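Structure at a glance
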Amino acid sequence: MKLVKRMDFEAVFNCLPTPTMVMDANFNIVAMNQAYLDVTGRDRESLVGLNVFTAFPAGGESRRRLQESFERVRNQGVADALPVLNYPIPGKNGLEQRSWSCTHVPLFGADGKVAFLVQNTQDITGLPQKAQARQGVPPASENFAGSPHRRLQMVQVLNQTLLATAHQLDRLFMQASNFMCVLRGPDHVYEMANVAFRQLVGGRDILGKTAREAVPEGASEGYIDILDRVFATGEAFANRKMRVVLQNDKGKLQEYFLDLMCQAIIGGTGEITGLFVEGSDVTENVRSEQRQSLLIRELHHRVRNTLATVQGVMNTTAKSSVTIEEFQAAFAGRIGSLAKTHAVMTEEFDQSVSFEHLLNQELGCYAEDLGDRIRLRGPAVDLPSQIAVPLGMAVHELTTNAAKYGALASENGRIAVDWSLADGAAGAALRWEWSETDGPIVKPPHREGFGSMLLKRVLSQQIGAEVNVAFEPEGFRLRMLVPLRSER
């Protein structure tokens, strides 16, 4: 059995030609190789244990950019690059202005958190100014001065700088808030896709697959046709709030709305080689606009209904009133009840009001009797606006009549309101009963007033309620079954 010698990683680290330094999570220098000591002109004993910004103090933009890069690596656990960083360091004659190309990489501990940061840095101070201005990419015709060894060093520095730039661009692409992807060839093979795009398609593994394979639901929705058209003609496609249906991370189809741009990628000889797709998910904005539009339509509908209701209340109240004073009092009370119900619904996002609230709204002026002479008992039931308005008016009429002629007109009278949910012919329904006892002897009215007309005609015609009224000797009694889904 052949024995393999254990590798001396510290020796390997020190032999690396690239200047490399290691820091802990607080940016204190832990180790560095000989190439790093050579490029900075320092010795190991003067650096180990020092904070990097104490060892190499600087201020302004240079300090800010370097510290932000360190913090990004430590806090996010991702590599980061600074293709060109102008950062002075102490020299023999004081601070020397130097230019660097830096790459910072995280090292993780056993707990999964970033324990160390590795800095790979290249001194690019000697590069021609034009090359630095282009972030290390000189013209092909530009020659480097110096010995072959120096020129080789420059090429290595340029390669490192280009690699750092590529890493930075890749990071920006991957972390962009807009979704982006690159497709190659006439079959639209996914070559690149950022995080936002992968989330949009439900986290599927799409790289290396054609658009038809990776997102099969797109074929039936016409997405592939759009890609084919742009690839064939070179004409960009743009659409705002475009409705699409995609499979989410749970494998179910989900509706999205996208601001979408698709444009051709042109090769060196002018031919179309692929497509670049970019856009943003505006589903929440569109949903908000749809809700707002629905509320506006609901408001228009309610205004028309309210005006018709007010007109009907006015005409019927006028017919059933003997004097102008009686008309004014009755009309004001009915319009006030209507206004209260609308005020409650306006405060609720879904434009609903609870049945118990309607009861308390009218019986509230007898609050001292609630629980004694007035008993309310039933589950929580929310009523949509088209049901709450007429039902609120019915409760107002019942309360008014009880105060004038019924249980609330005597000291011993009692009112009990019981309700429950029931199954009606049209689905879920509210079954409730209003019972008056121990009040004056009740007799049927000689003529039909507003309350009788509302109970017998309006509620049955407008919301399909089944109404049974009984003027029994022991007191007035009403039973009602109200469908909770009323057709408009």
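In what follows, the accompanying structure is described. (Residues numbered from 1 in each chain as written. Predicted model: local features only at pLDDT ≥ 70, side-chain atom pairs only at ≥ 80, totals over all residues. Heavy atoms only, no water.)

**Some points on the overall build of the protein chain**
Counting secondary structure elements, the protein chain contains 15 helices and 19 strands. For the protein chain, the residues scored as buried account for 41% of the 488 residues in total. Counted over contacts in the protein chain with a minimum sequence separation of 6, partners at least 24 positions apart contribute 53%. (Helix = DSSP H or I, 4+ residues; strand = E, 2+ residues; numbered from the N terminus. Buried < 20%, exposed > 50% of the residue type's maximum accessible area, 1.4 Å probe, protein only. Contact = heavy atoms within 4.5 Å.)

**Concerning helix α4 (residues 60–76)**
Between its terminal C-alpha atoms α4 stretches 24 Å, which fits the 24 Å expected from 17 residues at 1.5 Å a residue. Of the residues making up α4, those classed as buried are Ser62, Leu66, Ser69, Phe70 and Val73. The buried side chains of α4 occupy one side of the element, clustering within an arc of 95 degrees when seen end-on. Structural note: α4 exposes Gly60 and Asn75 on the side pointing more than 90 degrees away from its buried face. Once α4 ends, the next one or two residues include Gly77, with phi positive near 70 degrees. (Expected span 1.5 Å × (residues − 1). Arc of directions from axis to C-beta.)

**Describing the nonpolar core**
Counting 34 residues, the largest nonpolar core has Leu383, Leu391, Leu430, Trp432, Trp434, Met480 and Val482 as its most contacted members. When contributions to this core are tallied by element, the ones reaching two or more residues are α13 (355–363), α14 (385–404), β16 (414–424), β17 (427–437), α15 (450–463) and β19 (475–483). Here this core gets 7 residues from one element, more than from any other, and that element is α14. Discounting chain neighbours no more than four positions away, the residues touching Met480 are Leu391, Leu430, Arg431, Trp432, Leu455, Leu459, Ala465, Glu466 and Val467. Within the second largest apolar cluster, 31 residues are counted, among which are Ala196, Phe237, Val245 and Val277. (Core = buried A, V, L, I, M, F, W, Y, C linked by side-chain atoms within 4.5 Å.)

**Details of the side chain of Thr121**
Within the secondary structure layout, Thr121 lies in strand β7 (residues 114–123). Setting aside residues up to four positions removed in sequence, Thr121 forms contacts with Pro19, Tyr36, Trp100, Ser101 and Cys102.

**A closer look at the pairing of strand β6 (residues 99–108)**
Within a regular beta strand, the side chains point alternately toward one face of the sheet and then the other, so they alternate between its two faces. Among the 10 residues that make up β6, 7 are buried, leaving the element largely enclosed by the rest of the structure. Taken together, the 5 bridges between strand β3 (residues 80–86) and β6 define a ladder with antiparallel strand orientation. Of the residues in β6, the one forming a bridge with Asn86 is Ser99. Two strands pair when backbone bridges link them, and β6 and β7 are joined in this way by 9 bridges, in the antiparallel orientation. Note that in β7 the partner of Leu107 across the bridge is Phe116. Taking the residues that link successive antiparallel strands as the turn, the β6-β7 hairpin has 5 residues, and the phi of Gly112 there is positive, at about 85 degrees. (Pairing = 2+ DSSP bridges.)

**A look at the environment of Val189**
Here Val189 lies in strand β9 (residues 189–193). Overall, Val189 belongs to the partly exposed group, its relative accessible area being 27%. Along the sequence, Val189 and Ala214 sit 25 residues apart, while their C-alpha atoms lie 9.0 Å from each other. Residues within four places of Val189 in sequence aside, it is in contact with Val182, Leu183, Arg184, Gly208, Lys209 and Thr210.

**Describing the sheet that holds β9**
Pairing within the open sheet is antiparallel, and its 5 strands lie in the order β9-β8-β12-β11-β10. Only two strands of the sheet have a single partner each, and these edge strands are β9 and β10 (237–247). Across the sheet, the mean angle from the axis of one strand to that of its neighbour is 35 degrees, orientation sign disregarded. Sheet topology note: the strand β11 (residues 253–266)/strand β12 (residues 272–281) ladder contains 9 bridges and is antiparallel. Within the sheet, the bridge partner assigned to Met261 lies in β12 and is Glu278. Helix-sheet contacts for helix α10 (residues 223–233) involve β8 (179–184), β10, β11 and β12, and the interaxial angle to β12 is about 135 degrees. (Axes fitted to C-alpha atoms, helices over the stretch in contact; angles between N-to-C directions.)

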